[in-house]
Amino acid sequence: ARHGDQALYDRVLSAYRHATTPDDRQQYLNALGAFSDPALIRRTIDFALSPDVRTQDAGRLLARTVSAEGGLQRAWPIIRGRWSEVAKKVSPSFGTMYLVHALGSGCLSATAAEVKTFFDAHPAEGVDRTLQQSLERIESCAVLARQQKAALAARFADR
């Protein structure tokens, strides 16, 4: 799905709608969240916020979209801009927690600062610990990246 086009997206969406088991539905939702095309990411977010996705599944789908390759840069700004809809749709406990956990996939100190600023302005119920863990993961990755940047550049310069 990561490199899939609209035709594949439509097939996965159809499979989701016709799935007969919860496991199959979850697998198709995960696949919908993996598409990297910006138009399909937007479509996935629209779908997650629609009545077609159960409240308990919406947070996971949004989290999968954020944690997919490039999702933090492509999906999070859209989700952030539609936060009032997101907050109404996702379950306040687990749904928001999944999303906040997915934000920990970043690796820039600026991302940690932006996420912290956002949730300072938009407090989410019951996610304080998860938010702190996500911010710590982002900062740890950013520190490691800064520490290893020169060594990696030197290693690959020899190739």
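As the structure is a computational prediction, the values presented were derived from the model and not from experiment.

**Looking at the environment of P51**
Counting through the fold element by element, P51 comes out in the loop between α3 (38-48) and α4 (55-67). Between the alpha carbons of P51 and P123 there is a distance of 25 Å; along the sequence they are 72 residues apart.

**Structural notes on the packing of helix α8 (residues 94-102) against helix α10 (residues 128-157)**
Packed helices, taken two at a time, are described by the angle between their axes plus the distance between the axes. Between α8 and α10, the least distance of the axes is 8 Å, while the angle of their chain directions is 15°. With respect to α10, the axis of α8 lies roughly parallel. Once α8 is placed against α10, the crossing between them reads as right-handed. Touching M97, V100 and H101 of α8 are T130, L131, S134 and R137, all from α10. Among the residues making up the contact of α8 with α10, the classes are represented as three nonpolar, three polar and one charged.

**Description of the nonpolar core**
By size, the foremost hydrophobic cluster in this structure holds 40 residues, and its most contacted members are L32, L62, W76, I79 and F119. Contacts of L32, omitting those with residues within four sequence positions, involve Y9, V12, L13, T44, F47 and L61.

**Section: the state of the cysteines**
On inspection of all chains with the given rule, the structure shows one disulfide. C107 shares a disulfide with C141; S-S distance 1.8 Å. Disulfide C107-C141: torsion about the S-S bond near -90°, hence left-handed. Taken as a pair, C107 in the loop between α8 and α9 (109-121) and C141 in helix α10 lie far apart in primary sequence, 34 residues in all.

**Some thoughts on the pattern of salt bridges**
One pass over the structure, following the stated rule, counts eight salt bridges. Salt-bridge contacts for R43 lead to D10; the nearest nitrogen and oxygen are separated by 2.7 Å. With a gap of 33 residues between them, R43 in helix α3 and D10 in helix α1 (residues 6-18) connect regions that are remote in the sequence. For R43, a relative accessible area of 28% translates into the label partly exposed. Judged by its relative accessible area of 32%, D10 falls in the partly exposed class. The partner of D57 in a salt bridge is R54, with the nearest N and O atoms 2.9 Å apart. On the accessibility criterion, D57 (9% relative accessible area) is buried. The class of R54 is partly exposed, set by a relative accessible area of 43%. Put simply, D46, R82 and E85 are held in one network by salt bridges that share partners.

**Details of the side chain of T130**
Residue placement: T130 occurs in helix α10. Among residues more than four places away in sequence, those in contact with T130 are M97, V100 and H101.

**Some points on α9**
With 13 residues, α9 extends 19 Å from end C-alpha to end C-alpha; this agrees with the ideal 18 Å at 1.5 Å per step. Within α9, the full set of buried residues consists of T111, A112, V115, F118 and F119. Buried positions in α9, seen along its axis, are confined to an arc of 130° and lie on one side of it. Away from its buried face by more than 90 degrees, α9 exposes A110, T117, D120 and A121.

How each quantity is defined
- Residues numbered from 1 in each chain as written.
- Predicted model: local features only at pLDDT ≥ 70, side-chain atom pairs only at ≥ 80, totals over all residues.
- Heavy atoms only, no water.
- Helix = DSSP H or I, 4+ residues; strand = E, 2+ residues; numbered from the N terminus.
- Axes fitted to C-alpha atoms, helices over the stretch in contact; angles between N-to-C directions.
- Parallel < 35°, antiparallel > 145°, perpendicular 65-115°, else oblique.
- Left-handed = near helix turned anticlockwise from the far one by under 90°.
- Contact = heavy atoms within 4.5 Å.
- Nonpolar A, V, L, I, M, F, W, Y, C, P; charged D, E, K, R; others polar.
- Core = buried A, V, L, I, M, F, W, Y, C linked by side-chain atoms within 4.5 Å.
- Buried < 20%, exposed > 50% of the residue type's maximum accessible area, 1.4 Å probe, protein only.
- Disulfide = S-S within 2.5 Å.
- Salt bridge = Lys/Arg side-chain N within 4 Å of Asp/Glu carboxyl O.
- Expected span 1.5 Å × (residues − 1).
- Arc of directions from axis to C-beta.

Everything listed here is a matter of geometry and, on its own, says nothing about what the molecule does.
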